[in-house]
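Fold and contact review
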Amino acid sequence: DTAVSQTPKYLVTQMGNDKSIKCEQNLGHDTMYWYKQDSKKFLKIMFSYNNKELIINETVPNRFSPKSPDKAHLNLHINSLELGDSAVYFCASSYTSAENGYTFGSGTRLTVV
Amino acid sequence: LAKTTQPISMDSYEGQEVNITCSHNNIATNDYITWYQQFPSQGPRFIIQGYKTKVTNEVASLFIPADRKSSTLSLPRVSLSDTAVYYCLVGDSNQAGTALIFGKGTTLSVSS
């Protein structure tokens, strides 16, 4: 019954690998986001999609590519992983008007070794 | 998006009322003020949102003065489980895809 679910919860991988994180929301929201929280606990917006269309693309390396097959899903694919990509990645969703705020997933802890 | 300033940390004891004030001098006319709570190893959780005056729900109250350049999150009778990071954010909630920008937040530590 989870509102925003991310998989996997933990991901340990070697440098240079390609990995994907999946996100799904069952709240009927039309906007989805990816945030990155680094070791200093800063939460930074990476991408925002509204009705499957990319709205926000912050200064994120091209190695990161979001894909939204429908408005309930926003996946994040990362190519050629680097040590600095290690962080917790949060998916979130909201209505366009952001009434009642964002609903966040529980996060995916990515560790690149 | 308006920048916010809030204390880095606060300490309290169980049963006390905690007030966390956030400054947002450059808040725009269309901006709402939203507070989130984050526990370790979890995603932020929406607490409360307001535009002006006072908003209250089952978790907290939000006080916003007339000039809207600041806001205060009030947590009544905190418990140990309220130990978390609290984020104050401002943004235009009616703009499609506008993403909320998180600051450093306030780390609240509640002791017995």
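See above for the structure.
Throughout what follows, the structure given in this document is the object of discussion.

On a plain count of helices and strands, chain B comes out with zero helices and nine strands. Mapped in sequence order, the helices and strands of chain B form the string β-β-β-β-β-β-β-β-β. The C-alpha atoms of chain B give a radius of gyration of 13 Å, which matches the 13 Å a tight globule of 112 residues would have. Each principal axis of the C-alpha atoms in chain B carries an extent, and together these give about 40 × 30 × 25 Å. Out of the 112 residues belonging to chain B, those deemed buried represent 47%. Put simply, 57% of the contacts in chain B that link residues at least 6 apart link residues at least 24 apart. For chain B, the computed accessible surface area is about 5500 Å², with 48% contributed by carbon and sulfur atoms. If you average the places of the 8 positive and of the 8 negative side-chain charges in chain B, the two averages end up 6 Å apart.

This part covers the pattern of salt bridges. Residue and element names in this part refer to chain A. Evaluated as defined, the whole model comprises two salt bridges over all chains. A salt bridge links Glu82 to Arg63; its shortest N-O distance comes to 3.5 Å. Separated by 19 residues along the polypeptide, Glu82 in the loop between strand E8 (73–78) and strand E9 (87–94) and Arg63 in the loop between strand E6 (53–57) and strand E7 (64–70) bring together distant segments of the chain. Judged by relative accessible area, which is 16%, Arg63 ranks as buried. The residue Asp85 makes a salt bridge to Arg63 at a minimum N-O spacing of 2.8 Å. Within this pair, whereas Asp85 is found in the loop between E8 and E9, its partner Arg63 is found in the loop between E6 and E7, the two being separated by 22 residues in sequence. Take Asp85 and Arg63: they sit in the same class, and that class is buried. Taken together, the salt bridges that share partners define one network made up of Arg63, Glu82 and Asp85.

Parameters at a glance
Residues numbered from 1 in each chain as written. Chains lettered and ligands numbered in written order. Predicted model: local features only at pLDDT ≥ 70, side-chain atom pairs only at ≥ 80, totals over all residues. Heavy atoms only, no water. Helix = DSSP H or I, 4+ residues; strand = E, 2+ residues; numbered from the N terminus. Rg over C-alpha atoms; globule rule 2.2 N^0.38 Å. Buried < 20%, exposed > 50% of the residue type's maximum accessible area, 1.4 Å probe, protein only. Contact = heavy atoms within 4.5 Å. Areas by Shrake-Rupley, 256 points an atom, 1.4 Å probe, with all protein chains shown as cover. Lys, Arg positive; Asp, Glu negative; His and termini not counted. Charge placed at Lys NZ, Arg CZ, Asp CG, Glu CD. Salt bridge = Lys/Arg side-chain N within 4 Å of Asp/Glu carboxyl O.

On their own, these measurements won't tell you what the molecule is for.
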